[in-house]
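So the chains spell out like this:
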Amino acid sequence: MTAEEISSNQIRERLERGRQIKAQNGGYAGYGSPAFGQKSVNGELIENEKEQEIIDLIRRHHKSGKSLQQIADWLNQHGYKTKRASEWKRISVKRVLDRLYGRTPRISDIKS
């Protein structure tokens, strides 16, 4: 390794350690944007009230038996947007539900 590669590796390792320590102390380590329903304020994750309302709508529609696509369609028809101001898709709704309830297996993942 060259001196430049070693220095680059040391910087990367220090940054990673800093992120890990921040996350262990409850702070937001800054990997992309926070999950839907959260926002970062001064390095701390807090609830985003508007997004939490949308999560509650998603949860209620899901519990009523609507499909992921039906929920996405309903959100779009009523003007709700994702964190990045996009329209809702089936996979976006699934990701919100996965964070609420844990990962839901796909049909192909189920062993009989």
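**Some details on the overall build of the protein**
When its secondary structure is counted, the protein shows 4 helices and 2 strands. Sequence-ordered secondary structure for the protein, helices as α and strands as β, is α-β-β-α-α-α. Of all 112 residues assigned to the protein, the portion counted as buried reaches 23%. The contacts of the protein with a sequence gap of at least 6 include a subset with a gap of at least 24, amounting to 31%.

**Things to note about helix 3 (residues 68-77)**
Of the residues making up helix 3, those classed as buried are I71, A72, W74, L75 and N76. On the buried face of helix 3, the contacting elements are helix 2 (49-63) and helix 4 (90-101). Positive phi appears at G79, one or two residues downstream of helix 3, with a value of about 85°.

**A look at the confidence of the model for the protein**
Atom-level detail of predicted coordinates should not be read off regions where pLDDT is low. Chain-level statistics for the protein give a pLDDT mean of 85 and a share of 87% at 70 or above. By mean pLDDT, the top-scoring element of the protein is helix 3 (98), and the lowest-scoring one is helix 1 (residues 3-24) (80). Under a pLDDT of 50 for its full length, residues 107-112 has, in the predicted model, 2 contacts with residues more than four places off or in other chains.

**Digging into unusual backbone geometry**
Of note, the phi angle at A85 is positive, near 60°, even though the residue is not glycine. Structurally, the position occupied by A85 is in the loop between helix 3 and helix 4.

**Observations regarding the pairing of strand 2 (residues 44-47)**
With 4 bridges joining them, strand 1 (residues 38-41) and strand 2 adopt antiparallel strand pairing. The partner of V41 across the bridge, within strand 2, is E44.

**Some points on the packing of aromatic side chains**
Scanning the model with the defined rule gives 2 aromatic pairs in all. Taking 5.2 Å as the distance between ring centres and 85° as the angle between the ring planes, the aromatic pair formed by F36 and W88 counts as edge-to-face. Taken together, the residues span a long stretch of sequence, with F36 in the loop between helix 1 and strand 1 and W88 in the loop between helix 3 and helix 4 at a distance of 52 residues. W88 matches F36 in its accessibility class, with the two residues each being buried. Residues W74 and Y80 carry aromatic rings whose centres are separated by 5.9 Å and whose planes lie at 20° to one another, so their mutual orientation is stacked.

The rules we used
Residues numbered from 1 in each chain as written. Predicted model: local features only at pLDDT ≥ 70, side-chain atom pairs only at ≥ 80, totals over all residues. Heavy atoms only, no water. Helix = DSSP H or I, 4+ residues; strand = E, 2+ residues; numbered from the N terminus. Buried < 20%, exposed > 50% of the residue type's maximum accessible area, 1.4 Å probe, protein only. Contact = heavy atoms within 4.5 Å. pLDDT = per-residue confidence, 0-100. Pairing = 2+ DSSP bridges. Phe/Tyr/Trp six-rings, centres within 6.5 Å; stacked < 30°, edge-to-face > 60°.

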